[in-house]
Amino acid sequence: MKVRNEILSIVAFIILLLTTIYFLDRLFIPKWITNDDNSHSFITRGYYAEPKNTIDVLFLGNSDTYRGISPMKIWEDYNITSYSYVSAGQRIWTCYYMLIEALKTQKPKVIFLNVDNFFFNNQSSMGNYKKVFDNMKLSKNKIDALTDKTFNFSYGKQATMIMPILGYHSRYNELTKDDFKYTLSDYYNPHKGMDITTVKKAYTKDYIYDSDERAKLKDTNKKYIDLIVKTAKEEGIDIEFIWIPSPDSWKRERSNTVSDYAKENDIKFTDLNLNYKDFNLDFNEDTCDEGDHLNVYGATKVSEYLGKYINDNYKFDKHDEKLITRWNKDLETYKNDIKELEKLGK
């Protein structure tokens, strides 16, 4: 009996210790919940809050995606559920591990992968990586990512993203009410991964040009693109490539290379930079930072165009009334948040 009690005491202590560490991790992690932080906690952590197997369409990519796609507009027009599970300054190797994470809880009919990050060969900032991995649940996939040599994380950085309290313990004198409020929050995201901005900063140049040249796709980048495509196909999920309009980063040579890869792998590729006039995109009004990202008005136009394409080419099961009610409520929140941001000029 004595040995049994000792074992139970040890087990209880371990459970209490792990619970305490988990609580402190969630408390001390910065809460990236404002427009200045691109609402990143709502984007990445909020994905887990979506009911299992209720997302019809998954969008992957970098910040061009969370600024250039409006899942709620697609819902409003077609009652198709979608989510932009994306990250700022994303590298394609981050995208792969985010896809693996995404498929743990959702089985979308189709994945749209924004190709803007295919040609970034350098590392993203540690801040961008931490916004992803600090918000990712601890699992084999997370460990695989953190120990993947492509990221080149030191042992110390790996440790702080496995146990964030190690990296953020000095924040004890910076904690705010929001830190406590969101410690155990599921970060449910009525914008479904979109980072809304109503700011208008025009792009006035003509950026489309012709070329038969091809940009070099580095072996490392191709490795992870191959893995993403392979994973989607093994899971029986359609995958399409898109390039959301971005005058700041678009290059014809890159588009040509992606087009070649898509043809070789039987993937549809739609470069929306080449036909942006078809959906009346106006870079005097529809970009928030002089051509790098779209604002909500540009995202609405892209989503109207893309939503129609999705509705015309894919069939989805009807969602239950509970989910429909919830998404309609989220749509109201989304529209009200746009009005509020317009008032604030953000």
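Here the structure is shown first, and the text comes after it.
Just so it is clear, the structure is predicted and the values come from calculations on it, not from any experiment.

**Student:** I keep staring at the sheet that holds strand β1 (residues 57-60) and nothing clicks. Help me out?
**Tutor:** To summarise the sheet geometry, strands pair through backbone hydrogen bonds and adopt either a parallel or an antiparallel arrangement. Here five strands make up an open sheet; going across it, the order is β2-β1-β3-β4-β5 and the pairing parallel. Unpaired on one side and paired on the other, β2 (82-84) and β5 (269-271) mark the two borders of the sheet. Within the sheet, the average angular offset between the axes of one strand and its neighbour, ignoring direction, is 20 degrees.

**Student:** Can you help me understand the pattern of salt bridges in this one?
**Tutor:** If you walk through the whole model with that rule in mind, you get 20 salt bridges. Note that Lys192 is salt-bridged to Asp330, the shortest N-O span being 2.9 Å. With a gap of 138 residues between them, Lys192 in the loop between α10 (177-181) and α11 (219-234) and Asp330 in helix α14 (residues 321-344) connect regions that are remote in the sequence. Residue Lys192 is classed as buried on the basis of its relative accessible area of 0%. It is possible to trace a salt-bridge network through shared partners that takes in Lys73, Glu76, Asp77, Glu304 and Lys335.

**Student:** What am I meant to see in a nonpolar patch on the surface here?
**Tutor:** A contiguous nonpolar patch, built from Ile10, Phe13, Ile14, Leu17 and Leu18 and spanning about 490 Å² of accessible area, is present on the exposed surface. Looking at where Leu17 falls in the secondary structure, it is placed in helix α1 (residues 2-28). Judged by relative accessible area, which is 40%, Leu17 ranks as partly exposed.

**Student:** I would appreciate a short explanation of helix α8 (residues 155-162) in the present structure.
**Tutor:** Since one α-helical turn is 3.6 residues long, residues separated by three or four positions face the same way. When we look at burial in α8, the residues that qualify are Gln158, Thr160 and Met161. In a view along the axis of α8, the buried residues occupy a sector of 165 degrees, so they form one face of it. Taken together, the buried residues of α8 touch α6 (126-133), α7 (140-146) and α9 (165-168).

**Student:** Even after reading the chapter, I still don't get the side chain of Asn114, so can you show me in this structure?
**Tutor:** As for its position among the elements, Asn114 is in strand β3 (residues 110-114). A polar atom in the side chain of Asn114 sits 3.3 Å from the side chain of Thr65. Among the polar contacts listed, one links the side chain of Asn114 to the backbone nitrogen of Ile244, at a separation of 3.0 Å. Sequence-distant contacts of Asn114, defined by excluding residues within four places in its chain, comprise Leu60, Gly61, Asn62, Asp64, Thr65, Ile242, Trp243 and Ile244.

**Student:** For this particular structure, what's the right way to read the packing of aromatic side chains?
**Tutor:** Geometry of an aromatic ring pair is reported as the spacing of the ring centres plus the angle between the planes. Within the structure shown, the criterion is met by 28 aromatic pairs. Between Phe118 and Phe241, the aromatic rings sit 5.3 Å apart at their centres with planes inclined by 90 degrees, giving edge-to-face as the arrangement. You can see Phe118 sitting in the loop between β3 and α6 and its partner Phe241 sitting in strand β4 (residues 238-243), a full 123 residues away along the chain. Exposure remark for Phe118: the relative accessible area of 2% places this residue in the buried category. When its relative accessible area of 0% is taken as the criterion, Phe241 is described as buried. Relative to Phe283, the ring of Tyr203 lies with its centre 6.2 Å away and its plane at 75 degrees, an arrangement referred to as edge-to-face. With a gap of 80 residues between them, Tyr203 in the loop between α10 and α11 and Phe283 in the loop between β5 and α13 (296-313) connect regions that are remote in the sequence. Ring pairs connect the aromatic residues Trp93, Tyr96, Tyr97, Tyr129, Phe133, Phe151, Phe153 and Tyr224, which therefore count as one cluster. Directly above the ring of Tyr48 sits Lys137, whose terminal nitrogen or CZ lies 4.5 Å from the centroid. Positioned above the aromatic ring of Trp327, the side-chain terminus of Lys192 is 4.3 Å from the ring centre.

What counts and what doesn't
Residues numbered from 1 in each chain as written. Predicted model: local features only at pLDDT ≥ 70, side-chain atom pairs only at ≥ 80, totals over all residues. Heavy atoms only, no water. Pairing = 2+ DSSP bridges. Helix = DSSP H or I, 4+ residues; strand = E, 2+ residues; numbered from the N terminus. Axes fitted to C-alpha atoms, helices over the stretch in contact; angles between N-to-C directions. Salt bridge = Lys/Arg side-chain N within 4 Å of Asp/Glu carboxyl O. Buried < 20%, exposed > 50% of the residue type's maximum accessible area, 1.4 Å probe, protein only. Patch = residues over 30% accessible without salt bridge, like charges linked within 9 Å, V, L, I, M, F, W, Y side chains within 5 Å. Areas by Shrake-Rupley, 256 points an atom, 1.4 Å probe, with all protein chains shown as cover. Arc of directions from axis to C-beta. Contact = heavy atoms within 4.5 Å. Polar contact = N/O pair within 3.5 Å; in protein donor to acceptor, adjacent residues only side chain to side chain. Phe/Tyr/Trp six-rings, centres within 6.5 Å; stacked < 30°, edge-to-face > 60°. Lys NZ or Arg CZ within 6 Å of the ring centre and 35° of its normal.

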